[in-house]
Amino acid sequence: MARLIRTSTVIEDCEAIVTNSEVMGSPIESYLVQHALVVLCAEMQQEIYKIVLHRAAQANDKQIANFVYNAAQRVLRSVGKSELAGFMGCFGQDEKEKFNQFMEDAAVTKYNNAVNNRHDVAHSSGVQVTFPELKEAVAAASGILQAMEDSLKKAGDAGPSG
């Protein structure tokens, strides 16, 4: 199952605008990339909630599933890799270690750069990120979601993406 569909669609649409107009290299291109960074981080958070809800539902207890989902929304405040590792630690040290083992350093760096850039867009003066760099971050983000899902799987579970 494809991940980060909204983000991918935003990137495709923004790239089409840049390609089909005379805005390449202009501030407008930068604004479009910055918008896509915000969408990426927002969608990551929503995808993480889906993974957590799917796993919580396996308890076959609606109240527990609701509690876990609502607690996740309160606990997960940032989608940076270190924050995600800490969040995974809430499920147990083994899950956190599995999550960290699934990660490649280069992918984590690309992903964290995107998250940090999103923070600068929201709280500072903006950033200069290219569409190719953003696409690499999206691929890394997808890998992070898969690592999270794999770390939380029970035996025999296909997960929300499969």
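Parameters and conventions
Residues numbered from 1 in each chain as written. Predicted model: local features only at pLDDT ≥ 70, side-chain atom pairs only at ≥ 80, totals over all residues. Heavy atoms only, no water. Helix = DSSP H or I, 4+ residues; strand = E, 2+ residues; numbered from the N terminus. Buried < 20%, exposed > 50% of the residue type's maximum accessible area, 1.4 Å probe, protein only. Phe/Tyr/Trp six-rings, centres within 6.5 Å; stacked < 30°, edge-to-face > 60°.

Run through unusual backbone geometry, naming residues and quoting values.
Located in the positive-phi region is L4, a residue other than glycine, with phi close to 55°. Secondary-structure assignment places L4 in the segment before helix 1 (5-19). Look at N60: it is not a glycine, yet its phi comes out positive at around 55°. Position of N60 among the secondary structure elements: in the loop between helix 2 (27-57) and helix 3 (62-75). Residue N60 is classed as exposed on the basis of its relative accessible area, which comes to 73%.

Report on the packing of aromatic side chains, specifying residues and quantitative values.
Enumeration according to the criterion identifies 2 aromatic pairs in this entry. A centroid spacing of 6.0 Å and a plane angle of 75° characterise the contact between Y49 and Y69, whose relative ring orientation is edge-to-face. Taken together, the residues span a long stretch of sequence, with Y49 in helix 2 and Y69 in helix 3 at a distance of 20 residues. Exposure remark for Y49: the relative accessible area of 5% places this residue in the buried category. Between F87 and F91, the aromatic rings sit 5.7 Å apart at their centres with planes inclined by 80°, giving edge-to-face as the arrangement. On the basis of relative accessibility, which here comes to 5%, the residue F87 falls in the buried class. On the accessibility criterion, F91 (31% relative accessible area) is partly exposed.

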